[in-house]
Amino acid sequence: MATHNFKTPILSIDEAVAVLRSGGLVALPTETVYGLAADASQEEAVKNIFKAKGRPADHPLIVHVASFEEARIWAEEIPAKAELLARHFWPGPLTMVFKKAKNINRLVTGGQETIAVRVPNQKIILEVLRKLGRGVAAPSANRFGRVSPTLPVHVLEELDGLIDGVVDGGSCQVGIESTIVDLTSDEIRLLRPGHISLVDLEKCLGEKVSVQVANAPRVPGLLKAHYAPMTPLKLIKPIFLQTEIEKYLSQSIKINVWSFEKPKMTSPLLNWVQAPLDVKDYAHKLYEQLRAFDLFGSSLTLIEKPSETDVLWSGVLDRLSRAEAHFD
Ligand code: TXA
Ligand code: MG
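Residues numbered from 1 in each chain as written. Chains lettered and ligands numbered in written order. Predicted model: local features only at pLDDT ≥ 70, side-chain atom pairs only at ≥ 80, totals over all residues. Heavy atoms only, no water.

Novice: What's the story with the sheet that holds strand β9 (residues 189-192) in this structure? I'm lost.
Specialist: By definition, the strands of a sheet pair up through backbone hydrogen bonds, in either a parallel or an antiparallel sense. In spatial order, the strands read β7-β1-β2-β6-β3-β5-β4-β8-β9-β10; together these 10 strands make up an open sheet with mixed pairing. The open sheet terminates on both sides in strands that have one partner only, identified here as β7 (165-166) and β10 (210-211). Strands β2 (35-39) and β6 (136-137) of the sheet are contacted by helix α2 (residues 43-53), whose axis makes an angle of about 155° with β2. (Pairing = 2+ DSSP bridges. Helix = DSSP H or I, 4+ residues; strand = E, 2+ residues; numbered from the N terminus. Contact = heavy atoms within 4.5 Å. Axes fitted to C-alpha atoms, helices over the stretch in contact; angles between N-to-C directions.)

Written as structure tokens, this is what we have:
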């Protein structure tokens, strides 16, 4: 970060707690992506999250709390199934949607009757939450519609001057946003795939979990064109990759390639990077790699499409498909 001249200060944990207490905005690391945090109980502070992100006011936020017990404050009722999930996956990259408790800040829920809550598994934000003694509302710390940040520099590239500070927790381990499940009815629904997969959820619950149809308007992560890099992106099935690359190079078009294979050719027009084969490594690298590709000045990024049948890849594939859809 030394080469940049950012105005936003890097804060210690105690400084971050003080800023949150006084109603400010702080970007905090979580195990998934950096979140833009405000004290969820302060209306003005929560309002400022929407302003800084350029996010429409009816898009609800996730409340992050230090423990399952604290989650109870935000929910009208927590079903037994949720306790089971919490025991298994919290702290961790799972967000649960409940009926909201009465008298809570409506700005957080985007005017809805439900509330999303999670206990993150990252020591810095957990310490902030414990010291603050209250929940923080925290969407991903990027401008609305853009790729989530997995390093402090990503946050500052988009939000410098619009927030009061960032706590540096290095690179986020998981790299894609939390899995979201809706527990407001008997039928448990997966709203956003992530590191915790459908199979993990079903195994823990011992029952089927249904998958919510995409493009539900109230869930921005489910808008078709979300998670967008700057460079247009195309997902290419492995068997067509070589032909596609040759097609663009023959037209003198500069391209990025993210393939599971080692580079098979070289050209000044070609920025070929080998992608991790392990899904955890792939997710960890995904947003950082998309941002790195943006810096190469290519007209297009070709990404070798990961398996469409392996449920472990569904979180990654979801983000890639939405990034691609942005340029349809
Ligand atoms: O991993 C994550 O979840 C990260 C880190 C910072 O915790 N946060 C994150 O927040 O991705 P955001 O705001 O970028 O995405 C939160 C998603 C949105 O798609 C939002 O619509 C959905 O959670 N959500 C929040 N409250 C909801 C509710 N009451 N019902 C349904 N979806 C909800
Ligand atoms: Mg987001």
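Novice: Would you explain the pairing of β2 in this entry?
Specialist: Two faces belong to every sheet, and in a regular strand the side chains alternate between them. Counting buried residues along β2, 5 of its 5 residues qualify, which places the element largely inside the surrounding structure. Side chains of β2 alternate between two faces, with Gly-35, Ala-37 and Asp-39 and Leu-36 and Ala-38 buried alike. Where strand β1 (residues 26-28) lies against β2, 3 bridges are found, and the strand directions are antiparallel. Residue pairing in the sheet places Leu-28 in a bridge with Gly-35 of β2. Between β1 and β2, which follow one another and run antiparallel, lie 6 residues. (Buried < 20%, exposed > 50% of the residue type's maximum accessible area, 1.4 Å probe, protein only.)

Novice: Explain helix α1 (residues 13-21) to me, please; I cannot follow it from the model alone.
Specialist: Given 3.6 residues to a turn, an α-helix orients residues that are three or four positions apart in the same direction. Ile-13, Ala-16, Val-17, Val-19 and Leu-20 are the residues of α1 that are buried. Along α1, the residues classed as buried sweep out an arc of 165° about the axis, all on the same side. Where the residues of α1 are buried, they touch β1, β2, α5 (123-132) and β6. (Arc of directions from axis to C-beta.)

Novice: Looking at this structure, how should I read the nonpolar core?
Specialist: The nonpolar side chains of a soluble globular protein tend to be buried, and buried together. In this structure, Leu-85, Trp-90, Leu-94, Met-96, Phe-98, Val-181 and Leu-201 are the most contacted members of the largest nonpolar core, which totals 52 residues. Contributions of two or more residues to this core are made by β2, α2, α3 (68-71), α4 (80-89), β4 (94-99), β5 (114-118), α6 (152-159) and α7 (198-205). For this core, the element with the highest residue contribution is α2, accounting for 5 residues. Setting aside residues no more than four positions away along its own chain, Leu-85 makes contact with Trp-90, Leu-94, Met-96, Val-181, Leu-183, Leu-201, Cys-204 and Leu-205. In this structure, Val-147, Leu-233, Leu-235 and Ala-283 belong to the second largest nonpolar core, which totals 21 residues. (Core = buried A, V, L, I, M, F, W, Y, C linked by side-chain atoms within 4.5 Å.)

Novice: Can you walk me through unusual backbone geometry in this structure?
Specialist: Note: most residues except glycine have negative phi, and most peptide bonds are trans. Cis geometry is found at the peptide bond from Trp-90 to Pro-91, where omega equals -10°. Inspection of the secondary structure assignment puts Pro-91 in the loop between α4 and β4. With a phi angle near 60°, Asn-103 is a residue other than glycine that sits in the positive phi range. If you trace the backbone, Asn-103 turns up in the loop between β4 and β5. For Ser-252, which is not a glycine, the phi torsion comes out positive at approximately 55°. The residue Ser-252 is located in the loop between α8 (238-250) and β12 (255-259) in this model.

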